[in-house]
Amino acid sequence: MTPTRIFFEKRGRAIYISHLDLMRAFTRAVRRAALPVWYTEGFNPHPYLAFPLPLPLGQEGLREACDVRLLETVPHDEVKARLNAVLPEGLRVLNVQEPWDKAGDIAAAEYRITVQGDVAQAQYLLHAGNLTAKKMGKKGHRKVEKEIELMPMVKRYIFEDNMLNCTLAAGSTVNLNPTLLLHALGCDSTQITRVRLLKHDDSTWA
């Protein structure tokens, strides 16, 4: 069995595909591409697909990942070509490789955000370094609204006119959705693009 990592982009109309529909699209694609993918066992076998840190609905991704397990060795370029021939519009495989890092190694994500609203005010709030947001959480079995500090999760940021380039905490334990950050800044966005995932040492997750 050969672990294989597929890097792909999710752009255009594909940004409105939910994570569940994304899984369905890739499931259909690996079947149509006739890839020797390992199937799960049980009453409802299906191709093993894992998406480390799925992208929220409505956000663009330039380097998303999908992990599969192949029962036979298939050249990476061939896997890429077969999938691109059958994937729907907006989903395109960029690179296929062996997995180098684990999902747990993801520590941050780099974003490019087109900001709508008072950019000067947003800059002031970020520079002030005291930014909070309301978020639903759990207390025992009950759902409660919690106030959370956002700035510890903002690793880096820089404005270029109305473009915010930032690195936010990401991963299974701490994860800041850029939409939550924008709401705290009193802004909206016409486009949120996740550029890449990073490890704790700021190197690109692969």
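Residues numbered from 1 in each chain as written. Predicted model: local features only at pLDDT ≥ 70, side-chain atom pairs only at ≥ 80, totals over all residues. Heavy atoms only, no water.

### Examining the pattern of salt bridges
Side-chain pairs of opposite charge can arise where the charged atoms are in close proximity.
Phase 1: Summed over all chains, the structure comprises twelve salt bridges.
Phase 2: Salt-bridge contacts for E89 lead to R13; the nearest nitrogen and oxygen are separated by 2.7 Å. Placement of E89 in the loop between α2 (76-84) and β3 (91-97) and of R13 in the loop between β1 (2-10) and α1 (19-32) is noted, with a sequence separation of 76 residues between them. With respect to burial, E89 and R13 carry one shared label: exposed.
Phase 3: Linking R196 and E110 is a salt bridge whose minimum nitrogen-to-oxygen distance equals 3.0 Å. A residue pair is termed long-range when its members are at least 10 positions apart, and R196 in strand β9 (residues 188-198) and E110 in strand β4 (residues 108-116) qualify at 86 residues.
Phase 4: Judged by its relative accessible area of 25%, R196 is partly exposed.
Phase 5: Look at the salt bridges and you will find they share partners, linking E9, R11, E60 and R92 into a network. (Salt bridge = Lys/Arg side-chain N within 4 Å of Asp/Glu carboxyl O. Helix = DSSP H or I, 4+ residues; strand = E, 2+ residues; numbered from the N terminus. Buried < 20%, exposed > 50% of the residue type's maximum accessible area, 1.4 Å probe, protein only.)

### Quick word on the packing of aromatic side chains
Phase 1: Across all of its chains, the model carries five aromatic pairs by this definition.
Phase 2: A centroid spacing of 6.2 Å and a plane angle of 90° characterise the contact between F8 and F51, whose relative ring orientation is edge-to-face. On the criterion of sequence distance, the pair formed by F8 in strand β1 and F51 in the loop between α1 and β2 (60-70) is long-range, its members being 43 residues apart.
Phase 3: For F8, a relative accessible area of 1% gives the class buried.
Phase 4: Overall, F51 belongs to the buried group, its relative accessible area being 11%.
Phase 5: The positively charged end of R63 is found above the aromatic ring belonging to F7, 3.9 Å away from the centroid.
Phase 6: Across from the ring centre of Y48, 4.2 Å away, lies the NZ or CZ of R69, which sits over that ring. (Phe/Tyr/Trp six-rings, centres within 6.5 Å; stacked < 30°, edge-to-face > 60°. Lys NZ or Arg CZ within 6 Å of the ring centre and 35° of its normal.)

### Brief notes about the pairing of β2
Phase 1: With nine of eleven residues buried, β2 is to be regarded as a mostly interior element.
Phase 2: As paired strands, β1 and β2 are joined by eight bridges and run antiparallel to one another. Across the sheet, residue K10 finds its bridge partner in β2, namely G61.
Phase 3: Here β2 pairs with β9 via two bridges, running parallel. Bridge pairing in β9 places G61 opposite R194. (Pairing = 2+ DSSP bridges.)

### Some points on the environment of I148
Phase 1: Along the chain, the position of I148 falls in strand β6 (residues 142-149).
Phase 2: Its relative accessible area of 24% is what places I148 among the partly exposed residues.
Phase 3: Through-space distance from the C-alpha of I148 to that of K135 is 7.1 Å; in sequence the pair is 13 residues apart.
Phase 4: Here I148 is in contact with L131, T132, A133, K135, M153 and L180, once residues within four sequence places are set aside. (Contact = heavy atoms within 4.5 Å.)

### Brief notes about the nonpolar core
Phase 1: If you look at the biggest cluster of nonpolar residues, it comprises 33 residues, and the most contacted ones within it are I113, V115, L131, L150, L181 and L185.
Phase 2: Contributions of two or more residues to this core are made by β4, α3 (119-128), β7 (154-160), β8 (163-169), α4 (178-184) and β9.
Phase 3: Apart from residues lying up to four places away in sequence, V115 is in contact with F159, N162, L164, L182, C187 and D188.
Phase 4: If you look at the next biggest cluster of nonpolar residues, it comprises 24 residues, including L35, L70, L87 and V93. (Core = buried A, V, L, I, M, F, W, Y, C linked by side-chain atoms within 4.5 Å.)

### Re the sheet that holds β4
Backbone hydrogen bonds are what pair the strands of a sheet, in a parallel or an antiparallel way.
Phase 1: Read from one edge to the other, the open sheet built from seven strands follows the order β3-β1-β2-β9-β4-β8-β7, with strand pairing classed as mixed. Here the strands that pair on one side only, and so sit at the sheet edges, are β3 and β7. Going across the sheet, the axis of each strand differs from the next one's by a mean of 25°, ignoring polarity.
Phase 2: Sheet topology note: the β7/β8 ladder contains six bridges and is antiparallel. When the sheet's bridge partners are listed, R156 is paired in β8 with T167.
Phase 3: Contacts from α1 reach β1, β2 and β3 within the one sheet, and its direction differs from that of β3 by about 65°.
Phase 4: The strands that α2 touches are β1, β2 and β3; relative to β3, the one it contacts most, it runs at about 170°. (Axes fitted to C-alpha atoms, helices over the stretch in contact; angles between N-to-C directions.)

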